[in-house]
Amino acid sequence: MCFITFEGPEGSGKSTQIALLAAYLKKKGHKVVLTREPGGSKIADKIRQILLDKNNKELCPSAELLLYLSSRAQHLSDTIEPALQKGYIVLCDRFSDSTLAYQGYGRGFDRKTIKMLNDFAASGRKPDLTILLDIEIKKGLKRAHKSKNSKDRLELEPVAFHARVRHGFRAIAEKEPKRVKLVNINSGVEAVFCKVASLADLLLKSQDA
Ligand code: TMP
């Protein structure tokens, strides 16, 4: 059973790295499911639409938090747990650490409460490895906007919000160094992927032992 999550601020290149890792692991003969949050199943994708719709300006912070958690509970039930039970490696673009970073550090919700709610929504499921791709905020936002035509609801938040989120991710990595591995993305896609692949290889080796 192997559950790997990718985390990071906006524009940190998660989608590129997670797709590269999926291809790499498949080539090595593993069965892989690539998924993402919010979303990752039929109902969870509907929740994603509500969460990212930039017209939903009046969505209040507590409803936002609960929707992210609802999406997670449904995603786990529909996609993640069944795949893990069938022996797939599950690669997930964002998971509980995003809730702690965005709604905890970003919005300012009590972090103990968020951790408790995260555990409830995920039924205690924790990633075996989390790869945190780190990027300087303004650079990341620029990259994120370049790759899309329009900004989503979260990307429209001010730079100060995203700075708190980045600080949150880095704090999580400091507190849980065994699970969360911080990779700076400045070295370019290929060098970053070498690091990502070696972290995944190490995890799989430790599970074989
Ligand atoms: P993304 O798929 O482009 O990463 O968009 C998801 C957005 O949702 C991103 O801005 C991060 C945010 N998010 C939260 O605020 N809390 C969460 O729990 C998750 C999973 C994502």
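(A) Region of the structure containing the overall build of the chain. Per the secondary structure count, the chain includes 8 helices and 5 strands. Each helix and strand of the chain, ordered N terminal to C terminal, gives the series β-α-β-α-α-β-α-α-β-α-α-β-α. Whereas a compact globule of 209 residues would reach a radius of gyration of roughly 17 Å, the chain reaches 16 Å, a difference of no more than 12%. Projecting the C-alpha coordinates of the chain onto the three principal axes gives extents of approximately 50 × 35 × 35 Å. The buried share of the chain, reckoned over its 209 residues, is 49%. Contacts spanning at least 24 positions in sequence make up 79% of the contacts within the chain whose residues lie at least 6 apart. Separation between the mean location of the 37 positive side-chain charges and that of the 24 negative ones in the chain comes to 3 Å.

(B) Region of the structure containing the site of the ligand. Near the ligand lie 14 residues; those nearest to it are Glu10, Tyr68, Arg94, Thr99 and Gln103. In the environment of the ligand, an oxygen atom lies 2.8 Å from a nitrogen or oxygen atom belonging to the side chain of tyrosine 68. At a separation of 2.6 Å, an oxygen atom of the ligand approaches a polar side-chain atom of threonine 99. Protein contacts shield 94% of the accessible area of the ligand, which totals 480 Å² for the unbound molecule. Breaking the shell around the ligand down by element, the ones donating at least two residues are helix H2 (42–52), helix H3 (61–85) and helix H4 (96–106).

(C) Representation of the sheet that holds strand S3 (residues 89–93). The sheet built from 5 strands is open, its strands ordered S2-S3-S1-S4-S5 with parallel pairing. Among the strands making up the open sheet, the edge pair consists of strand S2 (32–36) and strand S5 (180–184). With strand direction ignored, the average angle separating the axes of adjacent strands in the sheet is 20°. When strand S4 (residues 129–134) meets S5, the two strands line up parallel, connected through 5 bridges. Paired with leucine 133 across the strands is valine 183, a residue of S5.

(D) Region of interest: the nonpolar core. Judged by nonpolar contacts, the single largest core of 24 residues is most densely connected at Ile4, Phe6, Leu21, Leu91 and Ile131. When residues of this core are traced back to their parent elements, those giving at least two are strand S1 (2–7), helix H1 (14–27), S3, S4 and helix H8 (189–208). Counting residues per element, this core draws most heavily on H8, at 8 residues. If we skip the residues at most four places from it in the chain, isoleucine 4 touches Val90, Leu91, Cys92, Leu129, Ile131, Ala200 and Leu203. By size, the runner-up hydrophobic cluster in this structure holds 23 residues, among which are Leu59, Ala101, Tyr105 and Phe161.

(E) View of the packing of aromatic side chains. Inspection of the entire model under this criterion finds 4 aromatic pairs. Judged by centre distance (5.0 Å) and plane angle (90°), the ring pair of phenylalanine 3 and phenylalanine 95 falls under edge-to-face. Of this pair, phenylalanine 3 sits in strand S1 while phenylalanine 95 sits in the loop between S3 and H4, and the two are 92 residues apart along the sequence. Comparing phenylalanine 3 with phenylalanine 95, the two get one shared label, buried. Put simply, the rings of Tyr102, Phe161 and Phe169 pair up and form one aromatic cluster. When the ring centre of phenylalanine 95 is taken as origin, the NZ or CZ atom of arginine 72, which lies over that ring, is 5.2 Å away. The ring of tyrosine 105 carries the charged tip of arginine 111 above its face, separated from the ring centre by 3.9 Å.

(F) The packing of H4 against helix H5 (residues 111–121), seen in detail. Where H4 contacts H5, the two axes come as close as 10 Å, and the packing angle between them is 150°. Comparing the axis directions of H4 and H5 gives the class roughly antiparallel. Pair H4 / H5 crosses with right-handed handedness. Residues Ser96, Thr99, Leu100, Gln103, Gly104 and Tyr105 of H4 form the contact with H5, whose own contacting residues are Arg111, Ile114, Lys115 and Asn118. Of the residues belonging to the contact of H4 with H5, the class tally is 3 nonpolar, 5 polar and 2 charged.

About the criteria used
- Residues numbered from 1 in each chain as written.
- Predicted model: local features only at pLDDT ≥ 70, side-chain atom pairs only at ≥ 80, totals over all residues.
- Heavy atoms only, no water.
- Helix = DSSP H or I, 4+ residues; strand = E, 2+ residues; numbered from the N terminus.
- Rg over C-alpha atoms; globule rule 2.2 N^0.38 Å.
- Buried < 20%, exposed > 50% of the residue type's maximum accessible area, 1.4 Å probe, protein only.
- Contact = heavy atoms within 4.5 Å.
- Lys, Arg positive; Asp, Glu negative; His and termini not counted.
- Charge placed at Lys NZ, Arg CZ, Asp CG, Glu CD.
- Near = heavy atom within 4 Å.
- Polar contact = N/O pair within 3.5 Å; in protein donor to acceptor, adjacent residues only side chain to side chain.
- Areas by Shrake-Rupley, 256 points an atom, 1.4 Å probe, with all protein chains shown as cover.
- Pairing = 2+ DSSP bridges.
- Axes fitted to C-alpha atoms, helices over the stretch in contact; angles between N-to-C directions.
- Core = buried A, V, L, I, M, F, W, Y, C linked by side-chain atoms within 4.5 Å.
- Phe/Tyr/Trp six-rings, centres within 6.5 Å; stacked < 30°, edge-to-face > 60°.
- Lys NZ or Arg CZ within 6 Å of the ring centre and 35° of its normal.
- Parallel < 35°, antiparallel > 145°, perpendicular 65-115°, else oblique.
- Left-handed = near helix turned anticlockwise from the far one by under 90°.
- Nonpolar A, V, L, I, M, F, W, Y, C, P; charged D, E, K, R; others polar.

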